[in-house]
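So you can see what is in the structure, the chains are spelled out below.
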Amino acid sequence: MKTLLLGGGIAALADGAGGTAGYGSLGRWLLGAPAAAASPRPLAIPTLLVGEPRAGVRTFDLNLQKGVSRFFDGVTTPTLGINGAYLGPTLKMRVGETVRMEVTNRIGEASTIHWHGFHLPAGADGGPHQVIADGASWSPQFEVRQRASMLWYHSHMVPRTGPQVYHGLAGVAYVEDEETGRLDLPGDYGVDDVPLVLQDRAFNRDGSLFYSTNMHNTMMGMRGNVLLVNGTVNPYFEARTQKLRLRLLNGSNARFYSLGFSDNRRFSLIGTDGGLLERPYETSHIALAPAERAQIIVDLSDGRPVVLRAFPAPTSGTMGGMMGGMMGDDFNFDVLDIRPNGQRGRSAPLPSRLVTLDRPDPGQASGARRLVLQMGMGGMMMGGGEPFSINGKAMDMNRIDEVVRVGTTEIWQLENRSMMAHPFHIHDVQFRILDRDGAPPPPWEMGLKDTVVVNPDERVRLLLQFADYSDPDLPYMYHCHVLEHEDSGMMGQFVVAA
Ligand SMILES: [Cu+2]
């Protein structure tokens, strides 16, 4: 059994000799550890922030700050957080209202905050062109124009997105609307509606986070051997209802997960990145790549304790999976030990229909684009070429790669010509997947998405609608959400022009 840490009560801390980590780096993870370090703890629930009405605008005060976290007993870890030591509050807002974010940066270096999955003007997007200098503030304002969903926010500071998110600059957003409110889904925050932010991390012996961008960690993306869930190591949750709605975010820099329960029980997937599915999809496992979200409903009416577990994702046929296996990097992680309480409250039955979505019609598209993802590993080792590129080009802040017309619908074909899977994220829109290598998407990919996995040698076609918001100068980003790939250049820029 390869569950190294959490179940066994051993937390392995890394050696700290960052420069030496290579293919044989597993050893450093197995060195010394405080024995009681991973004793079970109650799951941390991020503070729910509903903002304050100021002149009719829902206003959120968000302070990016340095902090000290205690992930393990008796060990302190310097981290970054938003209104706290690690991660940020859950921002709750409703479709149709205007929100304003008062973001102040006090982390000691420049940063940005990107509203991931939000449809908004480019100037409010929080990408690498909306830099907030250390000590400065930024106050974007926008109308919430999309479906009820679980979105998120995180640093997008080129080329420091990887380390800043890794240290804690991320948080969750709940967008609600009337259509979804009427469904009677579990919705009591922190009780039967629980966000779970999954992040794998590596630690140095002194308790600090281990982060390195040596060639191996850049290529594979930075991975760790300890799973944090909402910043909690080895968490448990006492369930007080028959049904539990878990809103999962893969907030990891690079690791893909396949999630299921310890007793293999089935559950219902009700939503993906940008909103609910048309109907619940019953399954025993779901895959979640970095930046992807899933909302699931699990039935606990049998009263038995159960563990939500993360298995290596089924990218095993790929180079990433193979290398992970070779390196002993194909961990199982216990995500959450769910302990049903004896007096569980009744939950409403799950509706058979959830929302109505348009059938994606490629006939609506007036344009098509092709984005080819490449990793030039030869170039990386020999120091030539573009190691990470889209259409042969590495990210350049001063180059607009694509110009889209506002009010149009387009088909984007993503082609992966590398040996690793890339979770591809496009700003501004929630898109639909038309097909993978010509085959229609599976039921769990039929909803609204902002991040899509493109497997090696695969072609994925997306349908994107650029309904409104134009800006001739300020671009949106599209990029791989393995943050080390993004920081290394697998990103491009598009403007939506009038
Ligand atoms: Cu990638």
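The notes below deal with the structure included here. (Residues numbered from 1 in each chain as written. Predicted model: local features only at pLDDT ≥ 70, side-chain atom pairs only at ≥ 80, totals over all residues. Heavy atoms only, no water.)

The secondary structure content of the protein amounts to seven helices and 34 strands. By residue count, 61% of the 498 residues in the protein fall in the buried class. A fraction of 77% describes how many contacts in the protein between residues 6 or more apart in sequence connect residues 24 or more apart. Of the accessible surface of the protein, which amounts to about 18,000 Å², a share of 50% is contributed by carbon and sulfur atoms. (Helix = DSSP H or I, 4+ residues; strand = E, 2+ residues; numbered from the N terminus. Buried < 20%, exposed > 50% of the residue type's maximum accessible area, 1.4 Å probe, protein only. Contact = heavy atoms within 4.5 Å. Areas by Shrake-Rupley, 256 points an atom, 1.4 Å probe, with all protein chains shown as cover.)

Our next topic: the layout of surface pockets. Within this model, the largest pocket holds a volume of roughly 570 Å³. Forming the walls of the largest pocket are 22 residues, and the residues nearest its centre are Asp358, Gln430, Arg432, Leu448 and Gln465. If you tally residues by element for the lining of the largest pocket, the top one is strand S32 (residues 459–466), at three residues. Built from parts of two domains, the lining of the largest pocket gets at least three residues from each of domain 1 (42–181) and domain 3 (362–497). (1 Å grid on protein atoms, 1.4 Å probe; cavity = no way out; pocket = protein on both sides within 12 Å on 5 of 7 lines; lining within 4 Å. Points joined across faces, edges and corners; volume = space filled by probe spheres on them. Domains from an automatic or database assignment.)

Our next topic: the sheet that holds strand S27 (residues 402–405). If you walk across this open sheet you meet the five strands as S27-S34-S33-S29-S31, and the pairing is mixed. Two strands bound the open sheet, and with one partner strand each, they are S27 and strand S31 (451–454). Ignoring which end each strand starts from, the neighbouring axes of this sheet average 25° apart. (Pairing = 2+ DSSP bridges. Axes fitted to C-alpha atoms, helices over the stretch in contact; angles between N-to-C directions.)

Next up on the list: the pairing of strand S13 (residues 193–201). Among the nine residues in S13, nine count as buried, and that is most of the element. As paired elements, S13 and strand S17 (residues 243–250) share six bridges and run parallel to each other. Among the inter-strand pairings, Leu198 is bridged to a residue of S17, identified as Asn250. Taken together, the four bridges between S13 and strand S14 (residues 226–229) define a ladder with antiparallel strand orientation. Counted as the bridge partner of Asp200 is Leu227 from S14.

Right, let's get into the pattern of salt bridges. Under the counting rule described, the total for this entry stands at 33 salt bridges. Taking the shortest distance from any N to any O, the salt bridge between Arg145 and Asp468 comes out at 2.7 Å. Taken together, the residues span a long stretch of sequence, with Arg145 in the loop between strand S10 (141–143) and strand S11 (149–154) and Asp468 in the loop between S32 and strand S33 (476–480) at a distance of 323 residues. Looking at Arg145, the relative accessible area reads 34%, which means it is partly exposed. Assessed through its relative accessible area of 23%, Asp468 is described here as partly exposed. (Salt bridge = Lys/Arg side-chain N within 4 Å of Asp/Glu carboxyl O.)

Looking now at the environment of Ala148. Checked against the element boundaries, Ala148 lands in the loop between S10 and S11. Spatially, the C-alpha atom of Ala148 lies 8.5 Å from that of Glu178, the residues being 30 residues apart in sequence. For Ala148, the residues in contact, after removing those within four places along its chain, are Val95, Val175, Glu176, Asp177, Thr180, Gly274, Gly275 and Leu276.

As a further point, take the pairing of strand S30 (residues 432–436). With five of its five residues buried, S30 lies for the most part within the structure. The pairing of S30 with S32 spans four bridges and is classified as antiparallel. If you follow Arg436 over to S32, its bridge partner there is Val460.

With that settled, consider the sheet that holds strand S12 (residues 170–176). Read from one edge to the other, the open sheet built from five strands follows the order S2-S6-S12-S11-S8, with strand pairing classed as mixed. For this open sheet the edge positions go to strand S2 (48–49) and strand S8 (114–116), each flanked by a neighbour on one side alone.

Any link to function would need more than the numbers given here.
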